[in-house]
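# Summary of structural features
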Amino acid sequence: MNTKYIFVTGGVASSLGKGIIAASLAKLLQARGLRVTIQKFDPYLNIDPGTLNPYEHGECYVTDDGAETDLDLGHYERFLGVHTSQANNVTTGRIYNTVITKEREGAYLGKTVQIVPHITDEIKRRMLLLGQTGQYDVIITEVGGTVGDMESQPFVEAMRQLQWELPEEDFLSIHLTLIPYLKAAQELKTKPTQHSVQELQSQGVHPDIIVCRTEKELSPELRRKIALFCNVKPGHVIQSMDAWSIYQVPFNMEAEKLDELVVNKLEIPNLPPPDLSRLGNFLERLKHPKAEVDVALVGKYVELQDAYKSIQESFVHAGAANECRVNVHCVHSEHVNDGNVADVLGGMDGILVAPGFGSRGLEGKICAVRYAREKGIPFFGICLGMQVAVVEFARDVLGWADAASTEENPDTTHPVIDLMEEQKKLTLKGGTMRLGAYPCHLLEGSLAWSIYGKEDISERHRHRYEFNNRYLKEMTAAGLKISGVNPDHQLVEIVELPSHPFYIAVQFHPEFKSTPECPQPIFVAFVAAALKQRASKNN
Ligand code: GLN
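The following refers to the structure shown. (Residues numbered from 1 in each chain as written. Predicted model: local features only at pLDDT ≥ 70, side-chain atom pairs only at ≥ 80, totals over all residues. Heavy atoms only, no water.)

### A look at the site of the ligand
- Looking at the ligand, the residues that line it are Pro355, Gly356, Phe357, Cys383, Leu384, Gln387, Glu407, Arg462, His463, Arg464, Tyr465 and His509.
- Measuring from an oxygen atom of the ligand, one finds a backbone N or O atom of Leu384 at 3.0 Å.
- A total of 290 Å² of accessible area belongs to the ligand in isolation, and the protein chains cover 99% of it.
- Only α15 (384-396) and β19 (456-463) provide two or more residues apiece to the shell around the ligand.
- The class makeup of the residues in the shell around the ligand is 5 nonpolar, 4 polar and 3 charged. (Near = heavy atom within 4 Å. Polar contact = N/O pair within 3.5 Å; in protein donor to acceptor, adjacent residues only side chain to side chain. Areas by Shrake-Rupley, 256 points an atom, 1.4 Å probe, with all protein chains shown as cover. Helix = DSSP H or I, 4+ residues; strand = E, 2+ residues; numbered from the N terminus. Nonpolar A, V, L, I, M, F, W, Y, C, P; charged D, E, K, R; others polar.)

Take a look at the structure:
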């Protein structure tokens, strides 16, 4: 079978959940036995989102191979349980960078370099790249932005060309739109969808299937009307109602027969029906929690719900694993201080201190760690969360009052967290952190070792600063346990406090590898510890 290419565009409004629809379709096709991956093409000029503030673009997701990517790749991995890579996220910036670099190398000597064909050729090359590896039967490409944006035009043009260059049965286009409900008129309105599809068609792309985001059921008449005005087959208009969980969406799409329409158009014969039983088991547990816990997520980007997407999702997975609802309370680290910490965090069954950059809100994070440590509340620090835990321990337990990370205070006399040697020489900011998967060796008998149930693990990183091994002896003598170390460079990756009921902080980002069917073990253990904490309060 040839590799099949499915394209997902969006219309009417942004934030309709193209990534979730793409991931749900991918899940259904995977559950029917196909090898599927998803890639995202983003229309902005940054080479990758690594240099973007989370307020601009939500979380920056990191892959095993160290790509800093759009958060939708997190959804792809969580739904499919398949790792993505640098090739799965392409931006306009990356496309232009390649073409301009080739121009300087003389690759186009004598020619005028133009958007069509040079930029579109590079887009098409990348759209087809993963399909040529032989690893996948189906490649789903999500085109970021909204049809009609000036920025996404070259992507749509590349799709238009592929529509004719690929065999008809290897190409499929899905357009996701919004059908707004007007309360005053008590009516669902199709006009914005008609306009959006017209726009797409005016750019030469013909959608095979229209997926409509809607708050209310679409009647058969309305579906027929959309099909008629949007030039698609009746039956190829499907609804995507607001769902109680994103993991319910694959089931909703199955009920709407999205996978059926797709395999028919792509002429893929003899597939078994989708087996979604493992995801179904997870959803059942999620739907019927037997207990609940309150955990604080202490960070500085809490105003934006997407800034800690993978952490939030990891709590959903770990909650279901514990048959427990996890109420995540986002706490702004800038607003935590010694005066109010008991009020803000006193009722919590667990405290997670989040990753982050720069010094804003840092002292609040330190304050939160101290509170968790002194009160015996389960504590989990991630990346910057581990760094502040080390600083807090150095200040309070070892009495080094000005201990700090040099990120916050370059002049400290106790730089317990410092820039890695290879970072000191770097001048470029983009793509230069310690990125991607690294091995970590766990200390036998430690909490981390018992959580993972093995000695060697691999987790993903994204940081420039490190535990300063100059202080290793004094820290461990004072009671801090180093339970995870990089076997090649002796970098400290995990710290624990054995004197505390549950205290673990990690330099890596465990949240990037959690999936509903394979919840991340530290999150699972942290929620279990929070449950215990809750039970001890109630006794
Ligand atoms: N700012 C810290 C560093 O660069 C932590 C980064 C993070 O939390 N992802 O090392």
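### Some details on the nonpolar core
- Membership of the largest hydrophobic core comes to 44 residues, with the highest contact counts inside it found for Ile6, Leu29, Ile140, Ile174 and Val262.
- No other element matches the 8 residues that helix α1 (residues 18-30) contributes to this core.
- Ignoring sequence-local partners within four residues, the contact set of Ile6 consists of Leu25, Leu29, Val138, Ile139, Ile140, Thr141, Leu172, Ile174, Val262 and Leu266. (Core = buried A, V, L, I, M, F, W, Y, C linked by side-chain atoms within 4.5 Å. Buried < 20%, exposed > 50% of the residue type's maximum accessible area, 1.4 Å probe, protein only. Contact = heavy atoms within 4.5 Å.)

### Observations concerning the side chain of Gln239
- Within the secondary structure, Gln239 is located in strand β11 (residues 237-241).
- With sequence-adjacent residues up to four places away left out, Gln239 is seen in contact with Cys212, Thr214, Lys216, Glu217, Leu218, Arg223, Met253 and Glu256.

### Notes on the packing of aromatic side chains
- Taken as a whole and assessed by the stated rule, the structure comprises 14 aromatic pairs.
- Considering the side-chain rings of Tyr55 and Tyr301, the 5.5 Å spacing of their centres and the 80° angle between planes classify their relative orientation as edge-to-face. Here Tyr301 lies in the loop between β12 (291-299) and α12 (309-321) and Tyr55 lies in helix α2 (residues 54-57), a separation of 246 residues in the sequence.
- A residue is classified by how much of its surface remains accessible, and Tyr55, at 33% relative accessible area, is partly exposed.
- Put simply, the rings of Phe315, Phe380, Phe502, Phe523 and Phe526 touch in pairs and so form one group of aromatic residues.
- Against the face of Tyr181 rests Lys216, its NZ or CZ located 4.7 Å from the ring centre.
- Stacked on the ring of Tyr438, the Lys or Arg Arg434 has its end atom at 4.5 Å from the ring centre. (Phe/Tyr/Trp six-rings, centres within 6.5 Å; stacked < 30°, edge-to-face > 60°. Lys NZ or Arg CZ within 6 Å of the ring centre and 35° of its normal.)

### Observations concerning the pairing of β11
- The element β11 is extensively covered by neighbouring structure, given that 4 of its 5 residues are classed as buried.
- Both strand β10 (residues 209-214) and β11 contribute to a ladder of 5 bridges, which runs parallel. If you follow Cys212 over to β11, its bridge partner there is Gln239.
- For the segment spanning β10, helix α8 (residues 220-230) and β11, crossover handedness is right-handed. (Pairing = 2+ DSSP bridges. Right-handed = clockwise from strand over helix to strand, strands pointing away.)

### Thoughts on α1
- Look at α1: 18 Å from first C-alpha to last across 13 residues, which is about the 18 Å you get at 1.5 Å a residue.
- Along α1, the residues classified as buried are Lys18, Gly19, Ile20, Ile21, Ala22, Ala23, Ser24, Leu25, Ala26, Lys27, Leu28 and Leu29. (Expected span 1.5 Å × (residues − 1).)

### Description of the sheet that holds strand β6 (residues 138-143)
- Reading across the sheet, the 7 strands line up as β5-β2-β6-β1-β7-β10-β11 and stay open at both edges, with parallel pairing between neighbours. The open sheet is flanked by β5 (89-91) and β11, the only strands paired with a single partner. Ignoring which end each strand starts from, the neighbouring axes of this sheet average 20° apart.
- Where strand β1 (residues 4-10) meets β6, 5 bridges bridge the pair, whose relative direction is parallel. Its bridge partner lying in β6, Tyr5 is registered against Ile139.
- Contacts from helix α7 (residues 191-202) reach β1, β7 (171-178) and β10 within the one sheet, and its direction differs from that of β7 by about 145°.
- Packed on one face of the sheet, α8 meets β10 and β11 and runs near 125° to β11. (Axes fitted to C-alpha atoms, helices over the stretch in contact; angles between N-to-C directions.)

By themselves, these figures tell us nothing about what the structure is for.
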